[in-house]
There are 2 protein chains.
Amino acid sequence: MSVTAPSGFQAAGVASGMKANGNPDLALVVNGGPHPAAAAVFTSNRFAAAPVQWSRAAMARNAQLGSAPRAVVLNSAGANACTQAAGFADTESTAAKAAKLLQLPLEQILVCSTGLIGEPLKMDKLLPGLDDAYARLSTAGGPDAAAAIITTDSHPKHFSLAHETFLGPVVVGGMAKGAGMLAPGLATMLVVVTTDVKIDSRTAQRCLEAAVGQSFNRIDSDGCMSTNDTVILLASGSSEISLPEGQFTSLLTSVCEKLALDLISDAEGASHDIRIDVVNSATESAGLEVARAIARSNLFKAAIFGNDPNWGRILSAAGTVPPEVAPFDPDQVDVVMNGVTVCRGGGVGEDRSRVDLSAREVCISVDLHAGDQRVTLWTNDLTHDYIHENSAYSS
Amino acid sequence: MSVTAPSGFQAAGVASGMKANGNPDLALVVNGGPHPAAAAVFTSNRFAAAPVQWSRAAMARNAQLGSAPRAVVLNSAGANACTQAAGFADTESTAAKAAKLLQLPLEQILVCSTGLIGEPLKMDKLLPGLDDAYARLSTAGGPDAAAAIITTDSHPKHFSLAHETFLGPVVVGGMAKGAGMLAPGLATMLVVVTTDVKIDSRTAQRCLEAAVGQSFNRIDSDGCMSTNDTVILLASGSSEISLPEGQFTSLLTSVCEKLALDLISDAEGASHDIRIDVVNSATESAGLEVARAIARSNLFKAAIFGNDPNWGRILSAAGTVPPEVAPFDPDQVDVVMNGVTVCRGGGVGEDRSRVDLSAREVCISVDLHAGDQRVTLWTNDLTHDYIHENSAYSS
């Protein structure tokens, strides 16, 4: 399971003492090759955290040199965002320490952080913690690493998938953290995916972007995008097996989808996971815009929390998308809630009292009758627990 | 006060029996001239309710004929949205009945509705209610009309303003309802503003659009836009006084601002009114987009509910606005919360524990250092009561 499921990887997770409660807070993942490659996708938030700035620059430098990052240091005790030059220096010290321990060039170390914005990291705990993590690196360390990156998550999130080819098996493994601020352009989430597939970094980047587009960018818990979101793919090549690009993308997408759904189902304070299918849209992006408008309607999300099949709020939200973005005729739109067509042709359909919203998973299908594209977006309901978790303390 | 404050107007508000609890639910406002003019702004939601479709068409027809609508019928017992052809026929019957009572051409009757989407109106109550409203029309009926258009509002909202000119006084009065779904492109709100100023309909339309842009479009309670939003301006001309366009716009804006702030301070379940000033933006629209991104961040709004000066969530939200929409350098941004500069130059500023968020009004100022424009947008915090009001029953 987790990031050490594929051969060629070692990982560790430790409690460095940065978290006041003594929980694990520092993880290290190392790619042992023999054919190391890497790809990464970062938040599009303009207040990118210091580790995002660092890792983005490191990816660019490796691309210039024809090399690939070999290790990732992740901490869950502070975002190191909006911390200015001192924060960037802390990220650089973290990378330098890991580079020294692993005897790797500085640019081959990526760094990820998550936690409160605007607070300096406790470097006096982090740096000694790295010694500890290095000492504990192991091919069975994936689950420990997954446990060390969580914040308000209720449980560590990791997954792996083996795929048989006629040359032998290949494996993709991954870990993720995230339980709020889940939105497109990534979420408050850190994800590391590993594989023993032999692939070059340029191809890996294309595959990762495609997989993220169909997975992490299709979950939108609360419309908020963080300053730290990062998805990293490391490939060791130790299987010596290469896959056709489409096949690897598909495998990678499966792992990313599984991790993304794990994030949504653990979103802060949610009581429903809501699947929004927008079908028969003119284009994929048109469908996605309609789905996002619905997923971001607080009135809709509060109604689902109250088990109220208030389809008017679905249409009101869809109706805010401009025609040039998503062409459709309001008088043609159907809405199905958990199998009941509550709205037909933009008006009253079947009896809404027949909709049973008691289960955790809710499925909304909106048929635009405007084309043949379809998209799926996942979100959560808006609950008292969401308010409580996000008002009762800083995070 | 209210819509009968200016001379030339009569109004009434009655309980027709459409509301199960027997509360007032039907209002009638009539412009007696002698120089009637009208203007209107409607929701941009594509699922426009039947009364919006009707009133929009009536405005266009009057423009063709060189006439002006003379009366507005408003009900607060159902949105008559997503009700298809039958719903439109109900609106038409409502207008026809009012036209007959008032002996006016059909196109001179505007109709507004608010309430639950997707339910037919109780026409067997509404039509006899109109007889009653007609019988009760009075130059003192403004407050009754204001009371008859509210839904979940805690109190009727109305206001009037007298302005001295060297020819004598002119008056602007208005009433509004709205307590949720408050967003740009208008809110779940119905507004009727009246004046005795002498003005033509074309000028009135320009003045109204300008006033709405600076008032109702600068409040965004929960990011949701309704299917029924309407702002109507009726001018009687009975003062026989014309004002320069800029002066009338300014007067109209004052009344609209007062009504808009009344809506925000009565927003469903809110415990804080949050004023967001974005200053030194490159353009007005750039500042507005940044303000809206902050106003729509559930994480930020929940933090304010918790009296937590979590400025990181303000920057995260601002950082989601693309550079081409709002150019600014993240390393230059300052954030002031209730007078304390918690963030300076994109990083930690003064001690955030000094911020006192205990008062109802909270003032956030974000300085982009990217130009010389400034905008103000009002929103609310996200509270348990918001969730309760929007999940516990259909509305």
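Residues numbered from 1 in each chain as written. Chains lettered and ligands numbered in written order. Predicted model: local features only at pLDDT ≥ 70, side-chain atom pairs only at ≥ 80, totals over all residues. Heavy atoms only, no water.

Mapping chain B onto chain A calls for a rotation angle of 180 degrees and an axial translation of 0.0 Å; the resulting RMSD is 0.0 Å. What we have between these two chains is a two-fold relation. Looking at the rotation axis and the C-alpha trace of chain B, the residue lying nearest is B:H384, at 2.8 Å. The fraction of interface residues of chain B whose copies in chain A are also interface residues reaches 100%, indicating that both copies meet through the same surface. (Least-squares fit on C-alpha atoms with pLDDT ≥ 70 in both. Contact = heavy atoms within 4.5 Å.)

We now examine the environment of A:I199. Residues and elements named next belong to chain A. Here I199 shows up in the loop between β8 (190–195) and α5 (201–213). For I199 and S236, which are 37 residues apart along the polypeptide, the C-alpha to C-alpha distance reads 8.5 Å. Sequence-distant contacts of I199, that is, excluding residues within four places in its chain, are made with A37, A204, C207, A235 and F248. (Helix = DSSP H or I, 4+ residues; strand = E, 2+ residues; numbered from the N terminus.)

Turning our attention to the side chain of A:K157. Residue and element names in this part refer to chain A. For K157, the location among the structural elements is in strand β6 (residues 157–165). Using a relative accessible area of 0% as the deciding quantity, one classes K157 as buried. Setting aside its immediate chain neighbours within four residues, K157 contacts A146, G174, M175, A176, G178, L259, D262, L263 and D266. (Buried < 20%, exposed > 50% of the residue type's maximum accessible area, 1.4 Å probe, protein only.)

It is worth spelling out helix α9 (residues 311–318) of chain A at this point. α9(A) sits mainly inside the fold: eight of its eight residues count as buried. Restricting attention to buried positions, one finds in α9(A) the residues A:W311, A:G312, A:R313, A:I314, A:L315, A:S316, A:A317 and A:A318.

This paragraph deals with the sheet that holds strand β13 (residues 347–348) of chain B. Residue and element names in this part refer to chain B. Taken together, six strands build an open sheet; the order of strands is β13-β12-β11-β14-β10-β15 and the sheet is mixed. The open sheet has two edge strands with one neighbour each: β13 and β15 (373–380). One ladder, built from four bridges, connects strand β11 (residues 334–337) with strand β14 (residues 361–367); its direction is antiparallel. Its bridge partner lying in β14, V335 is registered against V366. The sheet strands contacting helix α6 (residues 245–265) are β10 (273–281) and β15, and the helix crosses β15 at an angle near 40 degrees. (Pairing = 2+ DSSP bridges. Axes fitted to C-alpha atoms, helices over the stretch in contact; angles between N-to-C directions.)

All names here are of chain B. Of all six residues in strand β2 (residues 26–31), six are buried, a share of seventy percent or more. The alternating pattern of β2 places L26, L28 and V30 and A27, V29 and N31 on opposite faces, both of which are buried. Pairing between strand β1 (residues 9–14) and β2: six bridges, direction antiparallel. When the bridges of β2 are listed, F9 appears paired with N31. Inspection of the sheet shows β2 paired to strand β4 (residues 71–75) by five bridges, in the antiparallel sense. From the neighbouring strand, A27 faces β4, where its bridge partner is L74.

Below, the discussion takes up the packing of helix α1 (residues 50–65) of chain A against helix α2 (residues 84–102) of chain A. Residues and elements named next belong to chain A. Between α1 and α2, whose axes approach to 8 Å, the crossing angle comes to 55 degrees. The angle between α1 and α2 falls in the class oblique. In the packing of α1 onto α2, the handedness of the crossing is right-handed. Of the residues in α2, those touching α1 at A50, P51, Q53 and W54 are G87, F88, T91, E92 and A95. Considered class by class, the residues forming the contact of α1 with α2 number five nonpolar, three polar and one charged. (Parallel < 35°, antiparallel > 145°, perpendicular 65-115°, else oblique. Left-handed = near helix turned anticlockwise from the far one by under 90°. Nonpolar A, V, L, I, M, F, W, Y, C, P; charged D, E, K, R; others polar.)

Counting residues in hydrophobic clusters, the biggest one holds 89 residues, and the most contacted among them are A:V335, A:I364 and B:L74. At seven residues, the largest contribution of residues to this core is made by helix α7 (residues 284–295) of chain A. The residues contacting A:V335, other than those within four sequence positions of it, are A:I314, A:L315, A:V340, A:T341, A:V342, A:C343, A:I364, A:S365 and A:V366. (Core = buried A, V, L, I, M, F, W, Y, C linked by side-chain atoms within 4.5 Å.)

Bringing the interface of chain B and chain A into the picture now. Listed as interface residues are 56 residues of chain B and, on the opposing side, 56 residues of chain A. Surface buried jointly by chain B and chain A totals about 4,600 Å² across both partners, of which 57% is contributed by carbon and sulfur atoms. On the chain B side of the interface with chain A, the three residues burying the most area are B:R46, B:F47 and B:L299, jointly 18% of the side's total. Our count for the chain B to chain A interface comes out at zero salt bridges. Remark: the boundary between chain B and chain A carries 16 residue pairs in polar contact (both at pLDDT 80 or more). Taken together, the residues of the side of chain B that touches chain A break down into 27 nonpolar, 23 polar and six charged. (Buried area = accessible area lost by both parts, 1.4 Å probe. Salt bridge = Lys/Arg side-chain N within 4 Å of Asp/Glu carboxyl O. Polar contact = N/O pair within 3.5 Å; in protein donor to acceptor, adjacent residues only side chain to side chain.)

Residue and element names in this part refer to chain A. Tallied over the full model, the rule gives 21 salt bridges over all chains. In this structure, the salt-bridge partner of D266 is K157, at a minimum N-O distance of 2.6 Å. One end of the pair, D266, is in the loop between α6 (245–265) and β10 (273–281); the other, K157, is in strand β6, with 109 residues separating them in the sequence. Grouping residues by exposure puts D266 and K157 together as buried. Where R275 meets D277, a salt bridge forms, and the shortest distance between an N and an O atom there is 3.0 Å. Assessed through its relative accessible area of 27%, R275 is described here as partly exposed. The exposure class assigned to D277 is buried, which follows from its relative accessible area of 6%. Each of D153, K157 and D266 takes part in salt bridges that share partners, so that together they form one network.

The next thing to look at is the environment of A:S236. All names here are of chain A. Looking at the secondary structure, you find S236 in the loop between β9 (230–235) and α6. Owing to a relative accessible area of 0%, S236 belongs among the buried residues under this scheme. Along the chain, S236 and F9 lie 227 residues apart, while their C-alpha atoms are 7.3 Å from each other. For S236, the contacting residues outside a window of four places in its chain are S7, G8, F9, N31, G33, P34, H35, P36, T195, D196 and V197. Reaching out from S236, the side chain makes a polar contact with the backbone nitrogen of S238 at a distance of 3.2 Å.

As a further point, take the confidence of the model for chain A. Residues and elements named next belong to chain A. Predicted confidence across chain A gives a mean pLDDT of 92, with 95% of residues reaching 70 or more. In this model, residues 182–187 is a region of pLDDT below 50 whose contacts with residues beyond four sequence positions or in other chains number 41 contacts. Here the prediction assigns the complex a pTM of 0.85, and the interface score ipTM is 0.82. (pLDDT = per-residue confidence, 0-100.)

The subject of this paragraph is the packing of aromatic side chains. If you walk through the whole model with that rule in mind, you get four aromatic pairs over all chains. Each ring, one from A:W54 and one from A:F88, has its centre 6.1 Å from the other, and the planes form 55 degrees; the classification is tilted. Placement of A:W54 in helix α1 and of A:F88 in helix α2 is noted, with a sequence separation of 34 residues between them. Overall, the relative accessible area of 9% leaves A:W54 in the buried class. Over the ring of B:F328 we find A:R46; its NZ or CZ atom is 3.8 Å from the centre of that ring. (Phe/Tyr/Trp six-rings, centres within 6.5 Å; stacked < 30°, edge-to-face > 60°. Lys NZ or Arg CZ within 6 Å of the ring centre and 35° of its normal.)

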